[in-house]
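Spelled out from the first residue to the last, the chains are:
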Amino acid sequence: MPRGSLTLALEPPDAGARGDLPSHRLPANTVTMEDTLNVIMRDGWLVNRPGLEKITANLVTGRPMGATYFAVTAASKKLVIGTVSGWYALNTATSPFTWTNITGTTVLSGGSSDHVRFTVFPQGTALRLIGVNGAANQLPQYWTGSGVYAVLGGTPYAAQDISTAANRVIVFHTKEAGTVYPYRVRFSDFNDSDTWSANSFADLSDSSDYIVGGRALTRVAFAVYKENSQWIGQAQAGLFPFKFELQDQKPGPVSASAIVAVEGKHYYLAIDGSIYVFDGTRAQHVGEPARRYIANNLSFENKARAFGLYNRRDRDIWWFFPGTAASAPDQAISMNVDSGRFFAHTLRKTVTAGSEWDYQSALTWDGLASYTWDNIAATYPTWDSLGTASIPAESLCQEAGLVYAFGTATNDDGSTYTSKWRYENLQPATESKRTRVESFDTFFEKTGASQTVSTRIGTTDTLGAAPSFPAGLTDSFDISVDNLHQANYNQDAAGTGTGTPEARFITIDHTMTTATSWRWGGGHLRAYPLETES
């Protein structure tokens, strides 16, 4: 029975992971960013991140570059995908689901960095879903929920982004008569997306940076994001419908799709590898805990391919970006909008676009044929977890044309991933003493299916070297049968310094290959304080 006079309680990391401080200076309830992957906080527990589940095995044609959830009526809701070559709508009336090609006579011809952007606009009695696919490509096109996409009437302009404000369609960074105008904002006539007057534009060239994108702030105001500045357009009375103001000069977003609107504010992954939030007045830097990690892992060559979405279940914003050796997003950073905590993630699939969606379950009795009463609880622990007609989730698109539900699985379309978290260079015995590790208790909620967890205690006598993890302080166990695990180390061979049970700095590490949903509630380290020999 361990009898260490020191007890260090490890709480789940409510403050998230940080990479902006040395590990020995991290606040309580914080883990190291570099050594913590594929976990999030949910309801006070540390849990595995959302996984990817195929919506259908059917593919859209071409690399998906944008997605949106278009509700024509309460009874007609469509997941719409824009690819490099066309438009597709999900047909949920069939089993399995299929994709309807809604591309009209004007096909798309975008590239791997040309995001497809959407806005909704009421034209007369019809609700239009209008899309653009980059200033160098096609004219804006619309869809009304039936038929196929068609080019807007009048003389619309190809653009990098699109939004709606004050009863007008707004486009940003346009191409006109073969010339690209990277400073230009254009807008349609009032209540008319088919009329584009020649003089209805503003060139925001007071600063020399190009426009990246724009978003509505209110019904009568919108934000314009340039590479290094933030502007607003505000509706006004008079001959010219908008006035424009330079509001701030902070780094701008990496792409139009990296701007995520949540509860009246815009959050974005910026060109400096950090996160900012703009409320229409000032852009605030909020990404310092994750900035170094993103900068070290983002492919700046392919940064324009990054995109973001809001996960409503956990109130987390996710930005997906290409890693240093990747051409499509295979990594992610998540930020909780309430606490500001960050976690880093790696994906087993590359993704290129995503959106909010109401996941419509395709579960049938035939789909349960592979389960028995002994193993069904691992996937469906309660009757409620079998699902309802529509479960809120998000969609993510894979570069080959598959579309996933994000958050309905514990793996990435059958591929498992590693979850890990680390509390590094702790000093339970205070700065002037060594800590002699006696035992470590770790607390998991019992899982219905087998889930192996490995814990390691690392030690070092100096901050100038990484901790070493002796074999005697390493343990593995199955939390489906051992959910309150205690590892005793009081019989380990004596020794002092790096790689022994007694050292100045202690590191506690959890690692697992996620096989099922799990929840971690904390841990206790028991130890003795010992004097440091001169």
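Residues numbered from 1 in each chain as written. Predicted model: local features only at pLDDT ≥ 70, side-chain atom pairs only at ≥ 80, totals over all residues. Heavy atoms only, no water.

Novice: Help me out: how do you make sense of the overall build of the protein in this one?
Specialist: When helices and strands are counted, the protein shows one helix and 41 strands. Projected onto the principal axes, the alpha-carbon positions of the protein cover approximately 85 × 60 × 35 Å. Within the protein, the fraction of its 534 residues that count as buried is 53%. Considering only intrachain contacts with a sequence separation of at least 6, the fraction spanning at least 24 residues in the protein is 62%. Total accessible area computed for the protein in this model is approximately 21500 Å², and 48% of it derives from carbon and sulfur atoms. Side-chain charges of the protein comprise 42 positive and 51 negative groups, with the mean position of each set lying 3 Å from the other. (Helix = DSSP H or I, 4+ residues; strand = E, 2+ residues; numbered from the N terminus. Buried < 20%, exposed > 50% of the residue type's maximum accessible area, 1.4 Å probe, protein only. Contact = heavy atoms within 4.5 Å. Areas by Shrake-Rupley, 256 points an atom, 1.4 Å probe, with all protein chains shown as cover. Lys, Arg positive; Asp, Glu negative; His and termini not counted. Charge placed at Lys NZ, Arg CZ, Asp CG, Glu CD.)

Novice: Just to check I follow, could you spell out the environment of L52 for this structure?
Specialist: For L52, the location among the structural elements is in strand β6 (residues 52-54). According to the relative accessible area criterion, L52 is buried, its value standing at 0%. Along the chain, L52 and D412 lie 360 residues apart, while their C-alpha atoms are 4.4 Å from each other. Excluding residues that lie within four positions of it along the chain, L52 makes contacts with K349, L396, Y404, A405, F406, A409, N411, D412 and D413.

Novice: Any chance you could explain the sheet that holds strand β20 (residues 221-226) here in plain terms?
Specialist: In a beta sheet, neighbouring strands are held together by backbone hydrogen bonds and run either parallel or antiparallel to one another. A sheet is described by the order of its strands in space; here four strands give the open sequence β19-β20-β21-β22, paired in antiparallel fashion. Two strands close off the open sheet at either side, each with one partner strand: β19 (211-218) and β22 (242-248). Averaged over all adjacent pairs, the angle separating strand axes in this sheet is 25 degrees, with direction ignored. (Pairing = 2+ DSSP bridges. Axes fitted to C-alpha atoms, helices over the stretch in contact; angles between N-to-C directions.)

Novice: Help me understand the sheet that holds strand β37 (residues 474-478), please; the structure alone is not making it clear to me.
Specialist: Strand order in the open sheet formed by four strands is β34-β40-β36-β37, and the pairing between neighbours is antiparallel. Here the strands that pair on one side only, and so sit at the sheet edges, are β34 (418-426) and β37. Along the sheet, successive strands turn relative to each other by an average axial angle of 15 degrees, direction set aside.

Novice: What should I look at first to understand the pairing of strand β9 (residues 87-91) in this one?
Specialist: Two faces make up the sheet, and in a regular strand the side chains alternate between them. For β9, a buried count of four out of five residues is recorded, marking the element as mostly surrounded by other parts of the structure. Where strand β8 (residues 76-83) and β9 come together, three bridges link them in antiparallel fashion. If you follow G82 over to β9, its bridge partner there is W87. The antiparallel pairing of β8 with β9 creates a hairpin that spans three residues between the two strands. Sheet topology places β9 next to strand β10 (residues 98-101); four bridges connect them, and they run antiparallel. Each bridged residue has a counterpart across the sheet, and for L90 the counterpart in β10 is W99. Here β9 folds back onto β10, and the loop between the two strands holds six residues.

Novice: What should I look at first to understand the packing of aromatic side chains in this one?
Specialist: Think of a pair of aromatic rings as described by two things: how far the centres are apart, and how the planes are tilted against each other in angle. Considering all chains together, one arrives at 25 aromatic pairs under this definition. Ring centres of W87 and Y149 lie 4.0 Å apart, and the angle between their planes is 15 degrees; on these two criteria the pair is classed as stacked. Here W87 is found in strand β9, whereas its partner Y149 is found in the loop between β13 (141-143) and β14 (150-151), with 62 residues between them in sequence. Residue W87 is classed as buried on the basis of its relative accessible area of 1%. Between the aromatic rings of F187 and F242, the centroid separation amounts to 5.2 Å while the plane-to-plane angle is 70 degrees, which identifies the pairing as edge-to-face. One end of the pair, F187, is in strand β17 (residues 179-187); the other, F242, is in strand β22, with 55 residues separating them in the sequence. By relative accessible area, which is 1% here, F187 ends up buried. In this structure F242 comes out as buried when scored by relative accessible area, which is 1%. Each residue in the set F172, F187, F222, F240, F242 and F244 is aromatic and connected to the rest through ring pairs, giving one cluster. For the cation-ring pair, R128 lies above Y142, with the distance from its terminal atom to the ring centre recorded as 3.8 Å. R519 extends its terminal NZ or CZ atom over the ring of W45, reaching a point 4.3 Å from the ring centre. (Phe/Tyr/Trp six-rings, centres within 6.5 Å; stacked < 30°, edge-to-face > 60°. Lys NZ or Arg CZ within 6 Å of the ring centre and 35° of its normal.)

Novice: What should I look at first to understand the side chain of R117 in this one?
Specialist: Locating R117 in the fold gives a position in strand β11 (residues 117-123). Of the residues examined, R117 reaches a relative accessible area of 15% and is grouped as buried. At a separation of 3.0 Å, a polar atom in the side chain of R117 contacts the side chain of D161. The contact partners of R117, leaving out residues within four places of it in the chain, are I130, G131, V132, Q160, D161, I162, R215, A256 and S257. (Polar contact = N/O pair within 3.5 Å; in protein donor to acceptor, adjacent residues only side chain to side chain.)

Novice: How should I be thinking about the pattern of salt bridges in this particular structure?
Specialist: Side chains that differ in sign of charge can pair as their charged atoms come close. In total, this model carries 25 salt bridges according to the counting rule given. Across the pair K226 and D209 runs a salt bridge whose closest N-O atoms are separated by 3.6 Å. With K226 in strand β20 and D209 in the loop between β18 (201-203) and β19, this residue pair connects regions lying 17 residues apart in the sequence. Each member of the pair, K226 together with D209, is buried. Among the ionic pairs, R315 bridges to D338, the shortest N-O distance being 2.6 Å. (Salt bridge = Lys/Arg side-chain N within 4 Å of Asp/Glu carboxyl O.)

Novice: Before we go on, may I ask you to explain the environment of V351 in this structure?
Specialist: Counting through the fold element by element, V351 comes out in strand β31 (residues 351-359). Once the C-alpha coordinates of V351 and C397 are considered, the two residues, 46 residues apart in sequence, prove to be 5.4 Å apart.

Novice: How should I be thinking about the nonpolar core in this particular structure?
Specialist: In a soluble, globular protein the nonpolar side chains are often hidden away together inside. Core analysis: the largest hydrophobic core is formed by 49 residues, its most contacted members being L269, I317, W319, I333, W421, F444 and W518. Once residues within four sequence positions are removed from consideration, L269 is found in contact with G252, P253, V254, A258, S274, I275, I294, A306, W319 and F321. (Core = buried A, V, L, I, M, F, W, Y, C linked by side-chain atoms within 4.5 Å.)

Novice: Just to check I follow, could you spell out the environment of L298 for this structure?
Specialist: Relative to the helices and strands, L298 resides in the loop between α1 (288-297) and β27 (307-311). Once the C-alpha coordinates of L298 and W196 are considered, the two residues, 102 residues apart in sequence, prove to be 39 Å apart. When residues no more than four places from it in sequence are discounted, the contact partners of L298 are K303, F321, P322, G323 and T324.

Novice: What is the right way to look at unusual backbone geometry in this model?
Specialist: Glycine aside, negative phi is the norm for most residues, and most peptide bonds take the trans geometry. At the junction of S95 and P96, the peptide bond is cis and its omega measures out at 0 degrees in the coordinates. Notably, N191 is not glycine yet its phi reads approximately 60 degrees, a positive angle. Relative to the elements of secondary structure, N191 occurs in the loop between β17 and β18. Under the relative-accessibility criterion, N191 is labelled partly exposed at 38%. At N425, a residue that is not glycine, the phi angle is positive and equals roughly 55 degrees. Mapped onto the fold, N425 is located in strand β34. In this structure N425 comes out as buried when scored by relative accessible area, which is 7%.

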